[in-house]
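Residue strings, one per chain:
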Amino acid sequence: MQWAKEEDLDLTYIKLAQYFHVCSFRETRSRSQNNWLRSPVFNISDAVVLDVKIEYIVSMCSNKSSYPYCAENVTMYYRFTDDRNENDPINGTNYQLSTHLPLDSSTLDRKQTVVVKINVTSPRKRGMIIALRDTGGCTTLYRLIVRYTYCPSTIRDLITFPKTVVRNSVVSVKGQCQATAALQSSSQPEMLCLTNGKWSTLSGSCICNAGFSYKSGVCKGKNYVLPRYYTVVNYG
């Protein structure tokens, strides 16, 4: 049994929404199932911590005595790769187990959303694949999103701080004075990149270079206007 790609009308956005569905309920009368669904390769760039958001439904096994291999169980796996076109067969050993998607009697037959955190390990890979394994039930996958958090590049008080990927703990980031400014002391400015993607606690400062003045967050030079009677002569 294979996962099928289907479409339905999304009333929230009034558009056709694609989803994946597998239902091997009948086959579980005589044997267990092993239905894999693999994502394309996600570009994870320099991410250290990934959030994988999954929206899905798992149906209840209503008659265990007649269908003993029916399983209300979906498992998420992942692997890192540098091959953007990877299409190797899934055998369960070339992927790392991430988690069993949470299920209980109150959530079966209902759409639910879970966010799974994955720490990116070394050796460093630029891509990641997510795989879901259904072992003998009816499962629908509505959405799978992989994302990471970062502190965006910013300018604070004449200091430029680069985009910084969030880690498991607070990161201290050094900043650079803008071209028309210089350090006010020997210490290079620093700011903290928090785990929620926010900047915090600026230390150190820059001041405008000679001939420039601070105005509206930047160092501006003086504008000299030549008198009307002044003539520029170009020799050579």
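Scroll up to find the structure.
Everything in this summary refers to the structure shown in the same document. (Residues numbered from 1 in each chain as written. Predicted model: local features only at pLDDT ≥ 70, side-chain atom pairs only at ≥ 80, totals over all residues. Heavy atoms only, no water.)

**Details of the overall build of the protein chain**
A tally of helices and strands in the protein chain yields 0 helices and 22 strands. Per-residue burial over the protein chain gives 35% buried out of 236 residues. Looking at the protein chain alone, contacts between residues at least 24 apart form 66% of all its contacts between residues at least 6 apart. (Helix = DSSP H or I, 4+ residues; strand = E, 2+ residues; numbered from the N terminus. Buried < 20%, exposed > 50% of the residue type's maximum accessible area, 1.4 Å probe, protein only. Contact = heavy atoms within 4.5 Å.)

**Digging into the state of the cysteines**
Between two cysteines, a covalent bond joining their sulfur atoms is known as a disulfide. This model, assessed by the stated rule, comprises 5 disulfides. Across the disulfide from Cys151 sits Cys193; the S-S distance is 2.2 Å. Sign of the S-S torsion, about 95° for the bond between Cys151 and Cys193, identifies this disulfide as right-handed. Residue Cys151 is found in strand E11 (residues 150-151), and its partner Cys193 is found in strand E18 (residues 190-193); the two are separated by 42 residues along the sequence. Overall, Cys151 belongs to the buried group, its relative accessible area being 0%. (Disulfide = S-S within 2.5 Å.)

**What about the sheet that holds strand E12 (residues 154-156)?**
Sheet strands associate in pairs through backbone hydrogen bonding, adopting either a parallel or an antiparallel arrangement. Strand order in the open sheet made by the 3 strands is E12-E13-E16, with antiparallel pairing throughout. Where the open sheet ends on each side, the last strands, each with one partner, are E12 and strand E16 (176-177). Relative to E16, strand E13 (residues 159-161) runs antiparallel, the two being bridged by 2 bridges. Bridge assignment links Ile159 to a residue of E16, and that residue is Cys177. (Pairing = 2+ DSSP bridges.)

**Considering the nonpolar core**
Counting 25 residues, the largest nonpolar core has Leu50, Ile54, Met76, Ile118 and Met128 as its most contacted members. Counting residues per element, this core draws most heavily on strand E5 (residues 49-58), which supplies 5 residues. Ignoring sequence-local partners within four residues, the contact set of Ile118 consists of Val48, Val49, Leu50, Val52, Met76, Tyr78, Phe80, Ser98, Met128 and Ile130. Residues Leu158, Val171, Met191 and Cys206 belong to the second largest nonpolar core, which totals 14 residues. (Core = buried A, V, L, I, M, F, W, Y, C linked by side-chain atoms within 4.5 Å.)

**Notes on the pairing of strand E8 (residues 112-119)**
The two faces of E8 differ: Gln112, Val114, Val116 and Ile118 on one face are buried, but Thr113, Val115, Lys117 and Asn119 on the other face are not. By the bridge criterion, 8 bridges tie E5 to E8 in an arrangement that is antiparallel. Its bridge partner being in E8, Val52 is matched across the sheet by Val116.

None of the figures reported here should be taken as evidence of function without further support.
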